[in-house]
Structure formats: structure tokens, C-alpha cells
Amino acid sequence: MASNTTYEHDVIVVGAGGAGLRAAIAAQEAGADVAIVSKLHPVRSHTGAAEGGINAAIREGDSWEDHAYDTMKGSDYLGDAPAIEALCRESPKETIQLEHWGMAFSREEDGTVSQRPFGGLSFPRTTYAGAETGHQLLHTMYEQVVKRGIEVYDEWHVMNLAVTDEDDPTDRSCHGVVGYEIRSGEIAGFRARDGVILATGGMGQVFDHTTNAVANTGDGVAMAYRAGVPMEDMEFIQFHPTTLPSTGVLISEGVRGEGGILYNGEGERFMFEHGYANNDGELASRDVVARAELTEVNEGRGIEDEYVHLDMRHLGEDRILDRLENILHLAEDFEGVDGLEEPMPVKPGQHYAMGGIETNEYGQTCVDGLYAVGECACASVHGANRLGGNALPELIVFGKLAGRHAAGEEFDEPEIETGKRGDHEDADFDAPVTLGEREPGSDAGPADASAAADGGEAVTDPDAVLEVAVDREIEHVEELLETDGVNHAEIRSAVQETMTANVNVFREEEGLKEALVDLREARDRYADVGVSDPSRTFNTDLLHTLETRNIIDIAEALTMGALARNEFRGAHWRKENQIRDDENWLKHTLISWNDGDPDLWYRPVILEGENKRYEPKVRSY
Amino acid sequence: MSTQVPQQTDETDAESEPDAEEEPSKGDLRREKKAKRAAEREREAEAAAESAAGENTRELKVFRFDPEVEGKQEPRFDEFHVPFEKGMTVLDALIYARDTYDSSLTFRHSCRQAVCGSDAMFVNGQQRLACKTQLSDLSEPVRIEPLPHADVRKDLVVDMQHFYDQMDAVEPFFDADELPEDELEEQRQSRANREKVKMSTRCIWCGACMSSCNIAAGDNQYLGPAALNKAYRFAMDEREGESRKQERLEIIEQEHGVWRCQTQFSCTEVCPKDIPLTEHIQELKREAVKNNLKFW
Ligand SMILES: Cc1cc2nc3c(=O)[nH]c(=O)nc-3n(C[C@H](O)[C@H](O)[C@H](O)COP(=O)(O)OP(=O)(O)OC[C@H]3O[C@@H](n4cnc5c(N)ncnc54)[C@H](O)[C@@H]3O)c2cc1C
Ligand code: SF4
Ligand code: FES
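Presented here is a report on the structure given in the accompanying data block. (Residues numbered from 1 in each chain as written. Chains lettered and ligands numbered in written order. Predicted model: local features only at pLDDT ≥ 70, side-chain atom pairs only at ≥ 80, totals over all residues. Heavy atoms only, no water.)

1. Focus on the interface of chain A and chain B
On the side of chain B, 67 residues touch chain A, which itself brings 77 residues to the contact. Buried area between chain A and chain B, summed over both chains or domains, comes out near 6,300 Å², and the portion from carbon and sulfur atoms is 45%. Of all residues in chain A, the largest losses of buried area upon contact with chain B belong to Arg44, His100 and Asp484 of chain A, amounting jointly to 12% of the total for that side. Between Arg191 of chain B and Glu109 of chain A there is a salt bridge, with the nearest N and O atoms lying 3.2 Å from each other. Every element with two or more residues in the side of chain A that touches chain B is listed here: helix 3 (81-100), helix 4 (133-147), helix 10 (325-335), helix 12 (462-482), helix 13 (488-502) and helix 15 (540-564) of chain A. With 8 residues, helix 4 of chain A is the largest single contributor of residues to the side of chain A that touches chain B. Residues that form the side of chain A that touches chain B fall into these classes: 25 nonpolar, 27 polar and 25 charged. (Contact = heavy atoms within 4.5 Å. Buried area = accessible area lost by both parts, 1.4 Å probe. Salt bridge = Lys/Arg side-chain N within 4 Å of Asp/Glu carboxyl O. Helix = DSSP H or I, 4+ residues; strand = E, 2+ residues; numbered from the N terminus. Nonpolar A, V, L, I, M, F, W, Y, C, P; charged D, E, K, R; others polar.)

This is how it looks when you write it as C-alpha cells:
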């Protein structure tokens, strides 16, 4: 039965992937009493699936400035320079830090760590551990968490944040989280004296063909959103060009980095032969390759009208076994293909969310005491398109910065603004349907669970806010368990279907509007959702039901952004305006929950770096 | 639709508003919906089962148990028929069964690609990762049970705490005697040494090995194959240095350490990451012997 225990720490980190673990270590090193709360045991986090590597300018002939230039160009000039520069400047130190923590990197003859070329990079700076870099990184960092005795509440699902309820989100503050212990069904408050750091990872479950884990449901993004933090650049979703057709399992870009070749159904090396990327071919940026593949398929040159081939046989068995062994296992186990003997079938799949919780270059959100790092955050370093190998350094660099900041270390004033203040512009946005949450009390639907959102009395007392949030969640769970309503799985798959059909690699106005209509319907059905498993023990039916709500909120914001942004930039392509429109669109899309009535607005991108301005150039490869 | 609030007071109590006479109460509405939904879902499940019966399906027999739900407190097996598709894994089949027939069917899973180690189960009498096991490789009915030698929490979910405790017991973290002073300078490691520890670093903490081990089943304190492999991973890493290695060998030599292993190879057989666990344990034994000789 639910109870009212309260746990208390200086800093609470939500999530135990690479970002959460790094943040916890940093906060502890800065003197804080820190705890991690995670719905999965740390080593089960999806960081473990990362294959290719970590970008870091650690070699002679390379420089963090070059890395920053590549990243800005890759972002299609929608990354904010202060965040990009922080990433590139800090990554070498952080990457070597991992080595000092014992990470099993691949090695050169002289014993130094190996680096490989990756798409969109002007120097082979992707530092790797075979084709299992993420697994090695995750375990290495968890080991250090164990070494330091950092407290981990594992298999505790965070349901909500304890955020005060002032009218203006920028006046609000965060004082903890509400957790649900999966094993016992206990609902408890976790009070954070100094800060809450969200590190909840990706949101791939918004789509049905994804490289992301089943647990990647964007919980942190949705919780922060409903508490008043804007979602930034949600329309920018990276579709990875090489995923296995039957499962979405990723075939690392490392295969192309090592020389793997893409062929269409006619045996043509289409990246060159059809002129998609005359210089870089297979190693062009991911969005370019993903669109090329789909164009081939749409024009009838695909294989089984679905995929193309990725061939690595010519690399030779030795090199494949040495550097890409894991790929052989994946192709064999999940597609039944022997990569040494035959080309591997591949197609684009949802892979990474460039957008997320709006933060500055220290991971701070506009709500005092609330931070976000890793894939759930948008600082923004990836802008309209993330370069391969740039997410893992993001985890460790911003994990560290946010951890220290939350623990009270002094930093310079941030250059990136957060919240709807400063330089911003209201959007002129017309939706085909009503968006957001229906009026409170208009139906017997589930009560809105957010402490800082609509319904209920305003709570501005920091001491009371956690208690109120816990009570709301207890009530919410009771209600869900009592209702034998629509099964969330039906709603979730309806959302995934419309997102994959309408908000995929190629986007057009009509489809996007259709998606919003479908999402409205999903939201309405969700008002009747219920949980049929009555158990308090490991009730995954209940947890998935909570996640599905998050998926709906995220899908809606993502689609709104895609509809508003009528241009072609990075991963976002619009049929009606197939050019990058710098005159009108050098700006971030932000969506505020606005107590249930989503509000879309913009903020200009920051191209002014520490020592130079990044002038937008044509992004050709 | 009932509006007879007074007749239902004992059921609606706290939830019925005093002035709700004209309107059915929230509780009423919910109960009504609940009944309707339940009937609907039953029909849907029946329809799905019927249509599944006609197609190319596979039969699963799945272990069920819930300590607090009536009818599930006594362990039992439920049968599910799932439509077969090429490439379908045991995990896919379980997800189908859960989402179509019974949303209370419970199992851990996340990555779907053999890296998170969540879904080790006992499938047709062997420890396997559900996401990495093709249905087409199994005989029917496919019998799915939780990992043996662990406490079952519910359905296919077992308590992993003991496994985690054993991992913790070997000080599972890199801890070099010395580090380069320059924060930008890496430690060197030879390719050969990296190769030597490579397989041992692949462990995903799934617990399959531990569950398959007879010794671990009989001796609860036995460190077990995964923890010993973890110890190997660090003891053999040349970057840590001699003095740390010494401490590590002491840990694995303790009463419930390497000497318990009777080289039955069951762990090696079930490890989904193909880690040569028994070999690693044997090598640790040899290192320990060498090390002891040094001091004689
Ligand atoms: C297949 C694949 C390959 C990739 N390869 C590369 C690569 O080679 N290089 C690169 O740079 N990037 C790569 N990426 C991207 C990168 O791996 C991810 O962006 C990154 O690992 C995300 O890390 P994270 O710490 O933000 O989240 P995750 O590792 O996903 O961790 C999220 C954590 O949050 C917890 N959590 C979530 N919701 C809740 C909740 N409600 N309550 C409590 N806890 C919660 C989870 O338990 C988990 O511990 C790859 C991604 C994928 C999918
Ligand atoms: S050694 Fe193998 S079987 Fe044992 S926990 Fe690790 S991956 Fe699983
Ligand atoms: S689901 Fe992650 S290992 Fe099987």
C-alpha cells in the first residue's frame, strides 16, 4: 500500500544512464549528498546500446575549435554556440577521464586509445571501444558510482516533480520528485535540498520503428513540460539510416566509418551514383543518408520496397572481427544475416531526439533547482541534426557541469537564456484541433497529475509542494487501478502509427495536421484509460499507462513544432518549402504547456561563439 | 444509466458529491465503464484468440504468480497462442501476449537487443535472453519460467538483489595504483592486454550464469561466475598495477571464491555474451596459485 515515506538528499538525479551517472559523480565530488532514482537498474539503461563512439579532439592535428565548427555545421546552424563550445572544449578531458576510470577503449599499437572517422567530422575523432562503446561507458561509470557508495534507488519510477505553482514558470522552483517503487507499489517523496537533475534519456517510443529501448518514453521531458519548462526544438528527430528492418536494431555508423558501402536494389552505390553526397558518399550526415535511402525506395530502387543493402564484406574478416564484431552478432541474432557472407538489409529508423527540455549551457532549466542533461535535454548542442558520436560526450560533459552546479559550485553567468523571457517572439500558430489537456473538471478523466499544472489549488510553499505532489500521485494511481478502462497499449500503438506515417523523414502540412487530429483522439481516449492489473507488485500495466500519457504529450509537441517550421533544416524536411530559410528560421521552436493550453514561441539561435561568429554556410558533404 | 444515488451510498461514499442527484456520480460512471470495458476486452481477446488459432501460431506456456492477487497466489501456467512471424523472438511473443490477451503478464525487458540484460528467463529448460531467442529455434509448446534459484516476485520477474550483492562483493570498479598526472594523458594499454580482458567486459548482468550454477544453488555465499568474471576483468587489466591485483586475488581466493567452482561449464553454456566464464575462473585459480608460490 502507498505510504508517505520521504527520502531526503541534497541532489536527486533522475535516471542512471551515462548522463545521470556522470551528474551524480560530479555532484558528490562537489560535496553534495546525492542519490539516483531510476526506473531501471543503472546497467539496464539505454546508454548501453550505443555502439560507435565518443567525439573528442585529443590528437595532434585536431582541435576543439574544429570539433565545434563541425558540430555547428552539422546542426545546420541551429545549435547554440556557447553550448557547442562547452561540449567540444570539455570532451577531451571527460573522455580521458573515462579512460582513467578504466574504460576498455580500443587501442593503437602504441597503447593509446583508438579513434575512427564518423560522418560529418573533419578529423577521425570518434573514440571507441569496439562497436560497444556505450556498454563500456555505462558500466565504467556505474562502477565508479559503486566505488563512491552513491545511493541508488533502482526500480523506482519517477511519476512527477514537486514544483511550485506560481503563474509564471520562471518564478517556480523544484523541491523533489515523487517516486513509485516498482517492487512494492509504494509511493514516496524524494526531497531535494539543492536540486533535481533529470537524465531520463530518449523518447523513441513515440515512433514504432526505433533504435530506442522500450523504456525510452520521454518521461523527464513530459514531466518538466507539464511543470512549466518549455520543450525546445522537438521537431528535430534523427532518423538513423542503418537500422535492421524487422526490429529497429541499430547497425552502427562505424560500419560506414570503416568503409561499408550502401547499395540499392539495382546494385548501384547510390550515394554517389545518384548524387546525394558526391564528396562524402556513405559518410554524409545521417539525415542526408536517411533521405537518400527513402528516396531510392520510393522511386522503386529499394529491395522488397522497404530497404537497401549495407555491405561490409570487402573489409575482410580480420578487420570486421577486430572493430565491428558486435555488428556481426546483431545482424545474425536480430535479422538472421551473416555480415561476413552477405550484405545487411537496412532502413531508416527513429534514433535520437535533438530537442528536449530547454536548458542553458549548465543544464539549468527556467525552474529554479531543476536541471536536465543527456538526451532528454536541449542545451542545444545538436540543433537540427546531431553528428554521430556527439551524444555520449554530451552525457559526460553536461552531466558533470549540471552535477557541480546543482551541488552549489560557482559558475560564470550563463549566456543562454531559459524560459519565456528575454529575446523571444510569439508564434502565429493555427492548429486543426484543440491541443493539450481538456479543461479541468469537464469530464471524469484522470486528474492532471502535475503539481504545477492545472487543477487544484496553487502551491507556492516549498515545504508543502512535495507533500501535495505525493498525495496527488497516490490519488491518481488509486483512480487508475480502480478504472477498468481502455488499455493503454491500444492508445500507444495508435500514436506510434500516426507518428510514423505522418511525422517521419518526409513531412508535409496535410499529414502533420492529420497527426494532430489523431493525437487529439488519442488524448480523448486516454481520458478513459484504466489499468486492469490490480496488483501492487511489479505492476507494469500501471507504469506503461503512465508512460503512455508522456508519449502523447511529447508526440503532440513534436508535431506542433514540425507543422510550425515550414522550412527544410537538418533532420526536418518540409515538402512545402524544401530550402533552409535562414531569413525566417534561425530560431528555436519552444512549446510551453501553459497549464494545459500549449503555447508555441521562438527564440533566436546564438551563433556568437567565444572568439568568433559561426556564419551559416551551405551544409554540403 | 442509474441516477439513484441513495441506493448506492454504501458503495460510492466518499466519492459521491452531496449535490450530484441529477448527475450520475464519478464512481458510478467509472464502475459502469469498467463493466463495459471488461466485457469488451473479453470479446476482443476471444476474437484475437480465435483468429490466432486459425493462423500459423505458436503455443506458449507461461509461469504465473502474484503474491497478492487472488487466483495467482498459487503458481500456475497460462497458455497463450501467438501468431508467428519470421524473426519473432520469445520477447516479441511475450509482448504480443501481454498487449493482446492479458496486460498483467509481467516480465522485465527494455533494450530488445541483448545489451540491457533484463530478460534472462528459463525457456524450455534453459537460461536464455528472451530478446535473443528466436521462436523458430524452440520446440512447442514453449515453456517460459522465471530464472531458477532466485526468488520470484511476480510472473517472470525475479529478485536480482542477491546477484547484485555478489557483484558488489568483488569491488567491481577500476582502481589503479597510479594514474597519469596530466588529465589529458591516457594510460597506455597494449592491444594484447585489451584483447585479454575484452570478453570479460561484455557482461550485461543478466544473471543467467548464476541461475544455471549448481554450486551457487547450494552455497548462497558463493561469489558465482559473473562476479568472478568481474574480478577477472580487473585483475587481468595491466593498467591497475600489482598492488591492486594482489588485493583482488585475495578477494577471489576467499572461502566462497574460485575454489568452489567445479568446472561444470553450465555458466559458460548459457552466457548470452559468449563469455568463457569457466576459463576465466580457471585462470584466476592459476593466478592465485602463482601468487601464493611467490610468498613461500
Ligand atoms: C542504438 C543506439 C546507438 C547509439 N550510438 C551512439 C554512439 O555511438 N555515439 C553517441 O555519441 N551516441 C550514440 N547514441 C545516442 C546515445 O547513446 C544516447 O543519446 C544516450 O546514451 C542517452 O543517455 P542518457 O543518459 O541521456 O539516457 P539513458 O541511457 O537512456 O538513461 C535514461 C535513464 O533514465 C531512467 N528513467 C527514465 N524515465 C524514468 C522515470 N520516469 N523515473 C526514473 N527513471 C527514469 C532510466 O531508468 C535510465 O536509467 C546511440 C543511441 C542508440 C539508441
Ligand atoms: S557472465 Fe554472461 S550469463 Fe553471467 S551475468 Fe554476465 S552476461 Fe549474463
Ligand atoms: S531486452 Fe535487453 S537484454 Fe533482452
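2. Things to note about the pattern of salt bridges
Residue and element names in this part refer to chain A. Summed over the entire model, instances satisfying the criterion amount to 94 salt bridges over all chains. Note that Lys587 and Glu425 form a salt bridge whose closest N and O atoms lie 3.2 Å from each other. Placement of the pair is Lys587 in strand 19 (residues 587-592) and Glu425 in strand 18 (residues 425-426), with a sequence separation of 162 residues. On the accessibility criterion, Lys587 (11% relative accessible area) is buried. Close ionic contact of Arg492 with Glu547 constitutes a salt bridge, the shortest N to O distance being 3.0 Å. Of this pair, Arg492 sits in helix 13 while Glu547 sits in helix 15; the two residues are 55 residues apart in sequence, bridging distant segments of the chain. On the basis of relative accessible area, Arg492 is assigned to the buried category, the value being 8%. Note on Glu547: relative accessible area 4%, which makes it buried. Connected via shared salt-bridge partners are Asp76, Asp233, Glu235, Asp287, Arg291, Arg565, Glu567, Arg569, Arg580, Asp582 and Arg619. (Buried < 20%, exposed > 50% of the residue type's maximum accessible area, 1.4 Å probe, protein only.)

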